[in-house]
Amino acid sequence: MAGRLSAITRIAPELMTAATLVVETKGQGFSELTREVARFVAESGAGDGALFLYLRHTSASLVIQENADPDVQTDLVTALERLAPVDADWAHKVEGPDDMPAHVKAMLTGVSLHIPVSAGALGLGAWQGIYLIEHRSAPHRRELILQFIGSRL
Amino acid sequence: MAGRLSAITRIAPELMTAATLVVETKGQGFSELTREVARFVAESGAGDGALFLYLRHTSASLVIQENADPDVQTDLVTALERLAPVDADWAHKVEGPDDMPAHVKAMLTGVSLHIPVSAGALGLGAWQGIYLIEHRSAPHRRELILQFIGSRL
Amino acid sequence: MAGRLSAITRIAPELMTAATLVVETKGQGFSELTREVARFVAESGAGDGALFLYLRHTSASLVIQENADPDVQTDLVTALERLAPVDADWAHKVEGPDDMPAHVKAMLTGVSLHIPVSAGALGLGAWQGIYLIEHRSAPHRRELILQFIGSRL
């Protein structure tokens, strides 16, 4: 047996909440959203359940990543640039040289995530933070939809 | 503060629906599913909540991507071919030279997604569409499971 | 029309369960979790609904992949090593040369997944298994949160 399973907790899913989170990015790079997402969970009156995040764009993405050493974020941006270089002779160029690489990066990292919630707290690991990655060079206004489903606190 | 949070809406999650969507692909490339998914949401009688999509295969995947310029889809397929080339000397060859690259591409892009639903409408951004990417060269029959959870319209 | 939609089934979401699954990895590579996850679903008394898996780490990840030929897993690990090589001159080196590549691999493959559940059974495709990928060289203790939402069996 590869894993050890804990006791199972049970609740009735009686509450579902939703809100929009608008983030102004400063161009390519990471924006941490952990505090805003925790605030949504608190203001929802959430107890136990699950939180869903959805990003309404195709040239930015959502990831859970390390929140300790800022060098990690720099390296992650570099890694994505290597996987989708600006000078790769893309067919889609009408929105600028950084647009098609941005779509590739968004495809590889995704726009849909969930995080468990327990007693009103996000179930993030000790080194995990919630980040939006802006893949375009210029600043953009990005819109997320946050949802909670579960019990009341 | 990195973001602005809107007012929070609340509903009771009273309805959960499910259906299977079968897609016949024409070989490597994108198939748009947005219309079929919207039809599932409408026929579910869905109000506010979340839609879940799951693909029951390991050599195709599900992504949210740009729905405007078809060149974007061509470039995304090319980008995946560069990341998982057919001639990379794979150990797993028994199902043909395009099979192992297909598994790598499916791992990088995923088979599980959610999209918010508001007043019976998918919460997609203006330029977002829902796509199945077929990673095998030959046409395949692909099966998805769609689920909605939330309120009635 | 790209796809054929089946009849829609309806339930009331009356049950939400949660448990922690602890997995001891043996260093870089795949650990299959399908049996443990199926056990969680069974012990939850789950009927129809959705299962959510969340991994509380940033240098390991969760994927749905082929469960037949073990060569596939070897090739997937090789593919990730090519995309995030140890010798790529990373800025973040304080936790060892395998740490930053592990964060890149976790970003590309993700830590959040859902799988549909029908009549108490996981809706996996015939060739799909649930895997944790350890991206660090050394063995690690990894913690997942499993959740089910739906009807009772």
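In case you missed it, the structure is sitting above this.
A word on the overall build of chain A
Phase 1 of the analysis: The number of helices and strands found in chain A is three helices and ten strands.
Phase 2 of the analysis: The 153 residues of chain A split such that 64% are buried.
Phase 3 of the analysis: Long-range contacts, defined as pairs at least 24 residues apart, comprise 84% of the intrachain contacts of chain A with a sequence gap of at least 6.
Phase 4 of the analysis: As presented, chain A carries roughly 5500 Å² of accessible surface, and 52% of it is formed by carbon and sulfur atoms.
Phase 5 of the analysis: Taking the 13 positively charged and 18 negatively charged side chains of chain A as two groups, their mean positions are separated by 5 Å.

As for the environment of B:I145
Phase 1 of the analysis: Structurally, B:I145 is set in strand β10 (residues 141-152).
Phase 2 of the analysis: Put simply, B:I145 and B:V22 are 123 residues apart on the chain and 8.9 Å apart in space, counted from C-alpha to C-alpha.

Structural notes on the interface of chain C and chain B
Phase 1 of the analysis: Contacts between chain C and chain B engage 43 residues on the former and 48 residues on the latter.
Phase 2 of the analysis: For the pair chain C and chain B, the two sides together bury roughly 3800 Å², of which 58% comes from carbon and sulfur.
Phase 3 of the analysis: When the buried surface of chain C facing chain B is broken down by residue, C:R4, C:L5 and C:H114 rank first, second and third, together holding 18% of it.
Phase 4 of the analysis: Across the chain C-chain B interface, the total number found is one salt bridge.
Phase 5 of the analysis: Here B:E24 ties to C:R4 by a salt bridge, and the two come within 3.5 Å at their closest N and O atoms.
Phase 6 of the analysis: Here the side of chain C that touches chain B gets eight residues from one element, more than from any other, and that element is helix α2 (residues 70-83) of chain C.
Phase 7 of the analysis: Residue composition of the side of chain C that touches chain B, by class: 25 nonpolar, eleven polar and seven charged.
Phase 8 of the analysis: Across three bridges, the pairing between strand β3 (residues 15-24) of chain B and strand β1 (residues 3-5) of chain C is antiparallel. Looking at β1(C), one finds that B:V23 is bridged to C:G3.

A word on the pattern of salt bridges
Phase 1 of the analysis: The final tally for this structure, using the stated rule, is 24 salt bridges over all chains.
Phase 2 of the analysis: The partner of A:R136 in a salt bridge is A:D98, with the nearest N and O atoms 3.0 Å apart. With a gap of 38 residues between them, A:R136 in the loop between β9 (128-134) and β10 (141-152) and A:D98 in the loop between α2 (70-83) and α3 (99-109) connect regions that are remote in the sequence. Across this residue pair, the class does not change: A:R136 and A:D98 are buried.
Phase 3 of the analysis: Where B:R136 meets B:D99, a salt bridge forms, and the shortest distance between an N and an O atom there is 2.9 Å. Taken together, the residues span a long stretch of sequence, with B:R136 in the loop between β9 (128-134) and β10 and B:D99 in helix α3 (residues 99-109) at a distance of 37 residues. Both residues of the pair, B:R136 and B:D99, belong to the buried class.

Quick notes on the sheet that holds strand β4 (residues 29-32) of chain C
Residues and elements named next belong to chain C.
Phase 1 of the analysis: Pairing in this open sheet of three strands is antiparallel, and the strands run β4-β9-β6 from one edge to the other. On the outer flanks of this sheet lie β4 and β6 (60-66), each paired with one strand and no other. When the angles between neighbouring strand axes are averaged without regard to direction, this sheet yields 40°.

Reading the values: the criteria
- Residues numbered from 1 in each chain as written.
- Chains lettered and ligands numbered in written order.
- Predicted model: local features only at pLDDT ≥ 70, side-chain atom pairs only at ≥ 80, totals over all residues.
- Heavy atoms only, no water.
- Helix = DSSP H or I, 4+ residues; strand = E, 2+ residues; numbered from the N terminus.
- Buried < 20%, exposed > 50% of the residue type's maximum accessible area, 1.4 Å probe, protein only.
- Contact = heavy atoms within 4.5 Å.
- Areas by Shrake-Rupley, 256 points an atom, 1.4 Å probe, with all protein chains shown as cover.
- Lys, Arg positive; Asp, Glu negative; His and termini not counted.
- Charge placed at Lys NZ, Arg CZ, Asp CG, Glu CD.
- Buried area = accessible area lost by both parts, 1.4 Å probe.
- Salt bridge = Lys/Arg side-chain N within 4 Å of Asp/Glu carboxyl O.
- Nonpolar A, V, L, I, M, F, W, Y, C, P; charged D, E, K, R; others polar.
- Pairing = 2+ DSSP bridges.
- Axes fitted to C-alpha atoms, helices over the stretch in contact; angles between N-to-C directions.

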